[in-house]
Number of protein chains: 2
Amino acid sequence: MAGENPGVVEIYTDGACVPNPGPGGWGAVLRYGGHERELSGGEVERTTNNRMELMAPIQALETLTRPARVDVYTDSTYVRGGITGWVTKWKANGWLTSEKKPVANVDLWQRLAAAAARHEVEWHWVKGHSGHPENERADRLALAGMHAALRTAGIEPPPERQAVRPPRSFTQPSDSGMAGDSGQCRATTRQGRRCAVSARPSGLCHVHDHEVQCGAPKKNGEPCAIATGGGPCAAHRGYRRS
Amino acid sequence: MAGENPGVVEIYTDGACVPNPGPGGWGAVLRYGGHERELSGGEVERTTNNRMELMAPIQALETLTRPARVDVYTDSTYVRGGITGWVTKWKANGWLTSEKKPVANVDLWQRLAAAAARHEVEWHWVKGHSGHPENERADRLALAGMHAALRTAGIEPPPERQAVRPPRSFTQPSDSGMAGDSGQCRATTRQGRRCAVSARPSGLCHVHDHEVQCGAPKKNGEPCAIATGGGPCAAHRGYRRS
RNA sequence: GGACACCGGGUUCC
DNA sequence: GGAACCCGGTGTCC
């Protein structure tokens, strides 16, 4: 079971999107006999995790120069379920979901079906982030592809695990205090960024609401909402709660 | 804030686990009026940091002979957030997380809730390792509890944070695959004594078992269990953990 | 309602 | 760098 698989190409794929939706990448590990090859790519424009999960096997299969027996491994039941079953129905019914709504990502589904038709493909599902080595490699390739795309576009990817900020128009001019529709927590993270979790009626997320906000009264009388990990924030050092 | 708190019991708790997961310990400092009491304990079997963080207030609250007003201080938002908020939801929904998976450590959460119900408890969070004197004492008590448990089991705790490593001699697993009666780990401690912990099917205890296996991910994703005395086995030479 | 994936946040333990 | 745990979301299908 461990040895090579003569005459069969093994393809391990993964996709990533940071945030989702947002910039994304895909990665694939191809193995044939003793040979291995790694593919990756990414998109700067807003895309989705599922589009990236589709792109990985598309690019891998399109890379093969001639028809082959292929084992494709993906951690996405969306991809596997689609290509092994749903597409057949979609082709017949005009690409409608079971709820009669248009199927998403039709362009990629058709491209994947065409690429797979050239080969004899077996589709396998593997659980993600469970120590499967090739899946983890594909995962890292996906991130690498995304980062490469961002750099090519002149966007410097954050140095560490910091969030990638989508091109634009994510931060609305909320300096009015109007609140209103904005369901986003107004607390600030340790990194100085805005907390992205949805807010409770208080305007803070579940964490910042009752766990770690400064709480000191601001000049306008409202409690300071800076996240501190407990105790007062730097601006209110010395403040003690009742 | 430093003075005594008439009629109120103060409890400072902490937990530790080396490694995590692995053997662990918990510690608590109880203060009532002018009296102080220290509690600690540990487990040799594989446990987690969060279980130890839970055990500390459990044991402390269960120690109180009759209902009291209590201030509990923990550095774990897992414990504080759980007991002050999440448990209520969990009791109502059958102990499922927001992702509909079973809540971890249900046994301890129920035990903690029962222990807290006997008293009037206020739960406080303090940042760990920030000079809070009682928290640091609880931290040392947790390590002491773990060490005591290990010694009781015949395992010499590592001097610092170094891992316990048995000698390479046990690489020979054979001599009888029968196992059966031999419930004792066949590894040897640094001091040359025989490890007294009960063995797994591998013939090694939980500590020596996961410290000395190859650990490289096999093709099926599971970790290679070949015992090597450290480092990868011959088949996985070149593989690095993490 | 179910499933998989992809993200954001927080604390602790290493 | 990782593990233990929790909260909050989207992308998609059945």
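Residues numbered from 1 in each chain as written. Chains lettered and ligands numbered in written order. Predicted model: local features only at pLDDT ≥ 70, side-chain atom pairs only at ≥ 80, totals over all residues. Heavy atoms only, no water.

By the naming in an unreviewed UniProt entry, chain A goes by Ribonuclease H and is assigned to Actinokineospora iranica. As its UniProt record puts it under Catalytic activity (unreviewed entry), chain A is described as follows: "Endonucleolytic cleavage to 5'-phosphomonoester." Per UniProt, the comment on chain A under Subunit (unreviewed entry) is "Monomer." (UniProt positions renumbered as here; feature names shortened; annotations may be inferred.)

**Student:** What exactly am I supposed to notice about helix α4 (residues 133-152) of chain A here?
**Tutor:** Because each turn of an α-helix spans 3.6 residues, side chains separated by three or four positions in sequence point in the same direction. All names here are of chain A. For α4, spanning 20 residues, the distance from its first C-alpha to its last is 28 Å, which sits close to the expected 28 Å at 1.5 Å a residue. Considered for burial, the residues of α4 that qualify are P133, E134, N135, A138, D139, L141, A142, G145, M146, A149 and L150. Packing partners of the buried residues in α4 comprise β1 (8-17), β2 (22-32) and β3 (35-47). (Helix = DSSP H or I, 4+ residues; strand = E, 2+ residues; numbered from the N terminus. Expected span 1.5 Å × (residues − 1). Buried < 20%, exposed > 50% of the residue type's maximum accessible area, 1.4 Å probe, protein only. Contact = heavy atoms within 4.5 Å.)

**Student:** Would you explain the UniProt feature "binding site: Mg(2+) 1" (unreviewed entry) in chain A in this entry?
**Tutor:** Residue and element names in this part refer to chain A. The residues that UniProt annotates with the feature "binding site: Mg(2+) 1" (unreviewed entry) are D14, E53 and D75. In summary, the annotated positions, though distributed over 62 residues, converge in three dimensions, the widest C-alpha pair being only 8.6 Å. As for its position among the elements, E53 is in helix α1 (residues 49-63). Taking relative accessible area as the criterion, E53 reaches 9% and is therefore assigned buried. Residue contacts for E53: discarding those within four places in its chain leaves D14, G15, T74, D75, S76 and V79. Along the chain, D75 turns up in the loop between β4 (69-74) and α2 (77-93). Once you skip the residues sitting within four places of it in the chain, D75 turns out to touch D14, E53, W125, V126, K127, G128 and N135.

**Student:** What is the right way to read the packing of aromatic side chains from this model?
**Tutor:** For any pair of aromatic rings, the description consists of the separation of the ring centres together with the inter-plane angle of the planes. For the coordinates displayed, the defined rule picks out 10 aromatic pairs over all chains. Seen from their ring centres, A:W86 and A:W90 are 6.0 Å apart, and the 55° between their planes marks the pair as tilted. Residue A:W86 and its partner A:W90 are located together in helix α2, separated by 4 residues, close to a single helical turn. Assessed through its relative accessible area of 38%, A:W86 is described here as partly exposed. Look at A:W90 and you get buried, because its relative accessible area is 7%. Ring geometry for B:W90 versus B:W109: centroids 5.4 Å apart, planes at 65°, classification edge-to-face. (Phe/Tyr/Trp six-rings, centres within 6.5 Å; stacked < 30°, edge-to-face > 60°.)

**Student:** What is the right way to look at the sheet that holds β1(A) in this model?
**Tutor:** Either a parallel or an antiparallel arrangement is found when strands of a sheet pair, and the pairing is made through backbone hydrogen bonds. Residues and elements named next belong to chain A. One open sheet accounts for 5 strands, arranged β3-β2-β1-β4-β5; its pairing is mixed. With partners counted over all chains shown, the strands left at the sheet margins are β3 and β5 (120-125), one partner each. Strand-to-strand twist in this sheet, taken as the mean axis angle between neighbours without regard to direction, amounts to 20°. With 6 bridges joining them, β4 and β5 adopt parallel strand pairing. Along β5, the bridge assignment pairs V70 with V121. Contacts between α1 and the sheet are confined to β1, β2, β3, β4 and β5, with β1 contributing the most and set at about 150° to the helix. (Pairing = 2+ DSSP bridges. Axes fitted to C-alpha atoms, helices over the stretch in contact; angles between N-to-C directions.)

**Student:** How should I be thinking about the confidence of the model for chain A in this particular structure?
**Tutor:** Should the pLDDT be low somewhere, the predicted coordinates at that spot are not to be read in detail. All names here are of chain A. With 65% of its residues at a pLDDT of 70 or more, chain A shows a mean pLDDT of 78. Taken together, the stretch residues 159-181 has pLDDT below 50 and engages in 14 contacts with residues farther than four places along the chain or on a different chain. Predicted confidence for residues 218-229 stays below pLDDT 50, and this span has 35 contacts to residues more than four positions away or in other chains. Predicted complex, confidence summary: ipTM 0.64, pTM 0.66. (pLDDT = per-residue confidence, 0-100.)

**Student:** Any chance you could explain the sheet that holds strand β1 (residues 8-17) of chain B here in plain terms?
**Tutor:** Residues and elements named next belong to chain B. One open sheet holds the 5 strands; their spatial order is β3-β2-β1-β4-β5, and the pairing between them is mixed. For this open sheet the edge positions go to β3 (35-47) and β5 (120-125), each flanked by a neighbour on one side alone. Each strand of the sheet is rotated relative to its neighbour by a mean of 20°, with strand direction disregarded. Examined bridge by bridge, β1 and strand β2 (residues 22-32) share 9 bridges and lie antiparallel to one another. By the bridge assignment, D14 is partnered in β2 with G27. Relative to β5, helix α2 (residues 77-93) is tilted by about 145°, and along the sheet it contacts β4 (69-74) and β5.

**Student:** Just checking my understanding: could you explain the UniProt feature "binding site: Mg(2+) 2" (unreviewed entry) in chain A for this structure?
**Tutor:** Residue and element names in this part refer to chain A. Sequence positions flagged by UniProt for "binding site: Mg(2+) 2" (unreviewed entry) are, in local numbering, D14 and D139. Maximum C-alpha separation among the annotated residues is 5.3 Å over a sequence range of 126 residues, consistent with a single clustered spot. Relative to the elements of secondary structure, D14 occurs in strand β1. Under the relative-accessibility criterion, D14 is labelled buried at 3%.

**Student:** Just to check I follow, could you spell out the side chain of B:S76 for this structure?
**Tutor:** Residue and element names in this part refer to chain B. By the secondary structure assignment, S76 is in the loop between β4 and α2. Among the polar contacts listed, one links the side chain of S76 to the backbone nitrogen of Y78, at a separation of 3.2 Å. Excluding residues within four positions of it along the chain, S76 makes contact with E53 and W125. (Polar contact = N/O pair within 3.5 Å; in protein donor to acceptor, adjacent residues only side chain to side chain.)

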